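Below are the chains, spelled out letter by letter.
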Amino acid sequence: MSTRSFICVEQDDGSYKGVYCHSDGYLTYNGAMLLDHYNSREKAEEIIALGDLSLLCEKINPDPEKPHGFDYDKRQEDVTVAYGRDRGEKGTEARAITLEDAKESWCEYMYVYTKENKWQYYDLHEDNPELRDVETDLAKEFEAMGIERPAGEYGFFPQERIEQLKKEQAQLRKNDAVM
């Protein structure tokens, strides 16, 4: 099952223009990915220029010297997968997206790169979602897990991975204290 989201850029008039993203829309994947790899207006606009996405990854564009496609066995590692570019679908272009439209969709999150140059989001599970800060809430998510956010790691963190990270981070703190 996928966690669907919208990824939007706030326009000068306060409206949102964005795209659908089918997979991994939760905060510890798309939220973290947006903060780490798309944290400028230029990068945010590059995302929505691709049109609707199957999967957001660290890179927008594939290496032109290598094959890249929509199917799992044809994808380049760490490259975003777009319905238009990678599967040839039509009608996937970025479009105006309102909060009301998002709430009525199957999406669970709506990310917005704001005019203030920050990633914020709406949690569409809520009855009356409010715009919240991605960085702040992402930090809270990891604090609730009892771990520091691991660099370059995105996704769902099962309990066994959390326990492993707790041990690794405790050992690093211990090593730092000795130095």
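Residues numbered from 1 in each chain as written. Predicted model: local features only at pLDDT ≥ 70, side-chain atom pairs only at ≥ 80, totals over all residues. Heavy atoms only, no water.

Caption draft 1: Looking closely at helix H6 (residues 159-178). Here H6 contains 20 residues, and its C-alpha end-to-end distance of 29 Å stays within 8% of the 28 Å for a straight helix at 1.5 Å per residue. Where H6 is concerned, the buried positions are Arg161, Ile162, Leu165 and Gln169. On an axial view of H6, the arc spanned by its buried residues comes to 95°, and they lie on one face. Facing away from the buried side of H6, by more than 90 degrees, are the exposed residues Glu160, Lys167, Lys174, Ala177 and Val178. On its buried side, H6 packs onto helix H5 (134-145). (Helix = DSSP H or I, 4+ residues; strand = E, 2+ residues; numbered from the N terminus. Expected span 1.5 Å × (residues − 1). Buried < 20%, exposed > 50% of the residue type's maximum accessible area, 1.4 Å probe, protein only. Arc of directions from axis to C-beta. Contact = heavy atoms within 4.5 Å.)

Caption draft 2: View of the nonpolar core. By size, the foremost hydrophobic cluster in this structure holds 51 residues, and its most contacted members are Ile7, Leu53, Leu56, Met110 and Trp119. When residues in this core are grouped by element, the largest group, 6 residues, is from helix H1 (residues 27-37). Not counting chain neighbours up to four residues away, the residues in contact with Leu56 comprise Ile7, Cys21, Tyr29, Asn30, Met33, Leu34, Tyr38, Ile47 and Thr80. (Core = buried A, V, L, I, M, F, W, Y, C linked by side-chain atoms within 4.5 Å.)

Caption draft 3: How the structure looks around the side chain of Ser5. Here Ser5 is to be found in strand S1 (residues 5-10). There is a polar contact of 3.1 Å between the side chain of Ser5 and the side chain of Asn30. Contacts of Ser5, omitting those with residues within four sequence positions, involve Val19, Tyr20, Cys21, Gly25, Asn30, Cys107, Tyr109 and Tyr111. (Polar contact = N/O pair within 3.5 Å; in protein donor to acceptor, adjacent residues only side chain to side chain.)

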